[in-house]
Amino acid sequence: MGIETDLLAVVPLDSEHAKDPAVTGAKAANLARAAVAGLPVLPGFALVPAGRAKGAPAGDEELRRAWRELAGEDGRPLVVRSSSAHEDAEDSSMAGRFESVLDVRGWEEFTAAVRTVLDSARRVQVLHPPEGRNADPLDGMAVLVQPMLRSVTGGVMFGADPVAGREDRILVSAVSGGPDRLVDGSTQGVRYQLSRSGRRLRTDPAEPRSARLLGRRETTSLVRLARKTQRVFGRPQDMEFGFDAEGRLWLFQARPITAMAVRPPRGARLLGPGPVAETFPGVLQPLEEDLWVAPMSHGLTLALDLTGAAPRRRLRSLPVVTTVDGRAAADLRLLGVVRSAHPLRDFINPAPGARRVAAAWRVGRLRSALPLLALDLMADVDRRLADFPAPARMLSGQILDAVSWGRAVLSSLHAQESLAGALLVSGSGATAAGEALAVLAEGRAQGLSDARLLARHPVLLSLLPPTLGARAALPEGTAGTGVPHGVGSLPVREGLRLRIRWVQEMQAEMVRELGTRLRVGDDAVGLSRLLLLRWSELTEAADGGGLPPDLAERLPRPDAPALPSAFRLADGRPVAQLAVTRGRTGAGQGAGGGFGTGTAWDGHGDRPEHAVLVVRVLDPALAPLLPGLAGLVAETGSVLSHLAVLAREYQVPTAVGVSDALDRFPPGTELSVDGGTGAVEKAGEHAAPRTSASGKGAAA
């Protein structure tokens, strides 16, 4: 089907109107600017609604004349592409969402291709329209027409590394032929990482020197083009390019790099869930964070200081444990979970040794005194917990005092628990969790309900994470747990861990009661809003200081994705670290988007709640499935393909080049996807050892 040629105007790329994206769309406007600046751009024209470009020739005769001039007497093929004001924007590329038609020959094919491009705009939903424009895809739509270049080698080049967030790197993916084979996700190509000077830093997959797809001359030309394009547009660009049969380099497209990863600042500390995830596996609300994370951090700081394991100045300036989106994370280097980044420098540095020598006398005395100190502390905690009346029989002020005492004693418990793990050798493999499973199995065999079991055996709380909200249910599986021996049989460290959990549960019961009765004036606070307060705000409200004025606007923290095993923060967001996670099974190429966990899904049937889409090819037709995905895994494709670009914009953790992904990760498999490293793992792989039913194999 043809087009109504009288309704279209012709805007040559070398005209003044062509540089205005409101007239010709961003793609044509960017190429027009590049051509004026002397960059290697093919000639062409844009078709726009008549009247949009004042003075531009319009009508059937003008369109035929422009087509004949571009096609030439020999009827060379053309490429007909979309150029919309909604695509190639700074915050949304709409990569591959509109149609392009290649190798167009003859007038009939040409008019049909123009119609195909215009019709594609009606099928696309614009989710992020540029400022000042509505979401109508036809608003600002133009059609870009240029000669079809038969590329010997083509590809995509990013003037910066969008995955690592590095502007000192240039990323190139190249294939034999035109870049269309790369951007449609059907071909993975060869990926080059180049320095700003053109030095080849990495090639993936590796190529023999005699059979390189891009030689020294080609990479030098590409780096020069990337630098020139950045000067023209003021920032690194996402470009499509091609080398013709004579070796000349041509620029087919230039647009801003969207979803550029934020790079952690130099010296940002290495964080991770580490050992604290065992205590706080889920998302914590603000009051939970103040009641439990702050005392843990303080207690670990005391333990590290006493043993001389870290400089006092560093311990004072940074919390050992913090939260990211409500999930607890620890400083992995301070806790000794990972090795130093500079082992040789640390070996010759006398400061750590001198610090430990200064602490040696303390440690020596602690090693012998700690068991008795811990027994005294546990006895004091047990006595205080037993002396508290039921929360319903306590005054509100007494409840606050009990919660405050809990914050203070938790610091001591965490400090001694950490010291016990470092200094004491346990003579028993018994754990609180193992004892709890044995009690649970025996109690269920007697037909006791979970509520009665919890009331009779508080050791069962070690199986449940702390929460100020509704308590979780006890686990179902209890086979092979052995015989319970009683809490008194637990080694010192496990006894301290158990008291930590008991104090947390006491605080939770007190806070739940406080939520039912606390009123500020005529305004009842309620538990749901109480959780959104900070501890200082809660005590101020209880003393008559009123609620924070913004409390009504505060929302509970959502169930954020699990944190990477090791990361650094950039603008408050976790960025996974390659050095720590390198070598994982299932690794492909990281295409950005962060870190996510969920259930494998192949795009067919019911979509899981937290779906990780696992596909063979990065097909742009999958774009409507991207919003809300917990991850995207592809067997082939490039990190610079259209779908990978869109996935980064939607902040979907993406890994490409993951071999045999469909076979290895069938639908229903629980997966984690690291968009920074390309690691894809099944749930439970490389996890820290958990306590077994018999109490053996507990993590240190």
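Everything discussed here concerns the structure shown above.
The numbers attached to residues start from 1 for each chain and follow its sequence in the written order. Selection of residues for local features in this predicted model requires a pLDDT of at least 70, selection of side-chain atom pairs for listing and counting requires 80 or more, and totals for whole chains, interfaces and linings are taken over all residues. Computation of side-chain values: all heavy atoms of the structure, hydrogens and water removed.

**Focus on the sheet that holds strand β7 (residues 169–176)**
Across the sheet, which stays open at both edges, the six strands sit in the order β9-β8-β7-β6-β10-β11 with antiparallel pairing between neighbours. With one partner strand each, in any of the chains shown, β9 (200–204) and β11 (249–256) form the two edges of the open sheet. Sheet twist, expressed as the mean angle between neighbouring strand axes with direction ignored, is 20°. With six bridges joining them, strand β6 (residues 153–158) and β7 adopt antiparallel strand pairing. In this scheme, strands are said to pair when DSSP sees at least two bridges between them. Secondary structure elements follow DSSP: runs of H or I of four or more residues count as helices, runs of E of two or more count as strands, with numbering from the N terminus. Axis lines are fitted to C-alpha atoms, over the contacting stretch for helices. Their N-to-C directions set the angle, which ranges from 0 to 180 degrees.

**Looking at the packing of aromatic side chains**
Classification of ring pairs rests on two measures: the distance between centres of Phe, Tyr or Trp rings, Trp counted by its six-membered ring, which must be within 6.5 Å, and the angle between planes, read as stacked under 30 degrees, edge-to-face over 60 and tilted in between. In total, this model carries four aromatic pairs according to the counting rule given. For the ring pair F388 and W405, a centre distance of 5.7 Å and an interplane angle of 65° mean the geometry is edge-to-face. Separated by 17 residues along the polypeptide, F388 in the loop between α9 (350–387) and α10 (396–423) and W405 in helix α10 bring together distant segments of the chain. Note on exposure labels: buried denotes an accessible area under 20% of the residue type's maximum, exposed denotes more than 50%, and partly exposed covers the range between, all computed with a 1.4 Å probe on protein chains only. Look at F388 and you get buried, because its relative accessible area is 19%. When its relative accessible area of 13% is taken as the criterion, W405 is described as buried. Counting every residue linked through ring pairs, the aromatic cluster contains W67, W107 and F110.

**Considerations on the pairing of β9**
If a strand is regular, its side chains alternate between the two faces of the sheet. Inspection of the sheet shows strand β8 (residues 190–195) paired to β9 by four bridges, in the antiparallel sense. By the bridge assignment, Q193 is partnered in β9 with R202. In this structure, the hairpin formed by β8 and β9 is closed by a connection of four residues, where G198 is found at a positive phi of approximately 100°.

**Re helix α2 (residues 60–71)**
In a helix, the anticipated span is given by 1.5 Å times the number of residues less one. Counted at 1.5 Å a residue, the expected span for α2 with its twelve residues is 16 Å, and the 16 Å between its end C-alpha atoms agrees. Of all the residues in α2, the buried ones are L63, A66, W67, L70 and A71. For α2, the angular spread of the buried residues around the axis is 120°, confining them to a single face. Turned more than 90 degrees from where α2 packs its buried face, E61 and E69 sit exposed. Any two residues whose heavy atoms approach within 4.5 Å at even a single point are treated as in contact. Packing partners of the buried residues in α2 comprise β1 (8–12), β2 (45–49), β3 (78–84), α3 (106–122) and β5 (141–147). One or two steps after α2, the chain reaches G72, where phi turns positive at roughly 75°. Arc, as used here, means the arc of the directions from the helix axis to the C-beta atoms.

**A closer look at the sheet that holds strand β25 (residues 680–682)**
The seven strands lie next to each other as β19-β23-β22-β21-β20-β24-β25, forming an open sheet whose pairing is mixed. The open sheet has two edge strands with one neighbour each: β19 (589–590) and β25. As defined by bridge partners, strand β20 (residues 595–601) adjoins strand β21 (residues 611–615) across three bridges and the pair is classed as parallel. Across the sheet, residue A600 finds its bridge partner in β21, namely V612.

**Points about the pairing of strand β10 (residues 237–243)**
With seven of seven residues buried, β10 lies mostly within the body of the structure. With six bridges connecting them, β6 and β10 associate as antiparallel partners. Bridge assignment links M157 to a residue of β10, and that residue is M239. Note that β10 and β11 share seven bridges and pair antiparallel.

**Focus on a positive patch on the surface**
The grouping of R224, R227, K228 and R231 at the surface amounts to a positive patch. Among the secondary structure elements, R224 is positioned in helix α5 (residues 216–233). Overall, R224 belongs to the partly exposed group, its relative accessible area being 38%. What goes into a patch is any residue over 30% in relative accessible area without a salt bridge, connected to like charges within 9 Å or, for nonpolar side chains (Val, Leu, Ile, Met, Phe, Trp, Tyr), within 5 Å. Note on areas: these come from Shrake-Rupley sampling with a 1.4 Å probe, and a residue is covered only by the protein chains present in the view. Note on definitions: salt bridges are taken to be side-chain nitrogens of Lys or Arg within 4 Å of carboxyl oxygens of Asp or Glu. For the purpose of charge, His is not counted, nor are the chain termini; Lys and Arg are scored as positive and Asp and Glu as negative. All charge positions are set by atom: Lys at NZ, Arg at CZ, Asp at CG, Glu at CD.

**Considerations on the pattern of salt bridges**
Enumeration over the complete set of coordinates arrives at 35 salt bridges. Residue R115 pairs with D119 through a salt bridge whose shortest N-O separation is 3.5 Å. In this pair, R115 and D119 are both assigned in helix α3, four residues apart and thus about one turn of the helix distant. According to the relative accessible area criterion, R115 is buried, its value standing at 17%. Taking the relative accessible area as the measure of exposure, D119 reaches 22% and is therefore partly exposed. The partner of E537 in a salt bridge is R554, and the shortest N-O contact between them spans 2.9 Å. Separated by 17 residues along the polypeptide, E537 in helix α15 (residues 535–542) and R554 in the loop between α15 and β17 (567–570) bring together distant segments of the chain. Relative accessible area serves as the criterion here: at 18%, E537 is assigned to the buried category.

**Digging into the nonpolar core**
Core analysis: the biggest nonpolar cluster contains 73 residues, and L413, L530 and L538 have the highest contact counts within it. Mapped onto this core, the elements with two or more residues apiece are α6 (286–307), β14 (327–331), α9, α10, α11 (432–445), α12 (450–456), α13 (492–517) and α15. Ranked by the residues each element gives to this core, the list is headed by α10, at eleven residues. Aside from chain neighbours lying at most four places away, what touches L413 is L377, V381, L496, R499, I500 and V503. Counting residues in each nonpolar core, the second largest holds 29 residues, with F158, A160, A634 and A647 among its members. As used here, the term nonpolar core means buried Ala, Val, Leu, Ile, Met, Phe, Trp, Tyr and Cys residues forming a set that is joined through side-chain atoms within 4.5 Å.

**Description of unusual backbone geometry**
Cis geometry is adopted by the peptide bond preceding P205, which originates at D204 and carries an omega value of 0°. Within the secondary structure layout, P205 lies in the loop between β9 and α5. Not every positive phi belongs to a glycine, and D325 is a case in point at roughly 55°. Mapped onto the fold, D325 is located in the loop between β13 (321–324) and β14. We note that D571 has phi near 55°; this positive angle belongs to a residue other than glycine. Counting through the fold element by element, D571 comes out in the loop between β17 and β18 (573–576).

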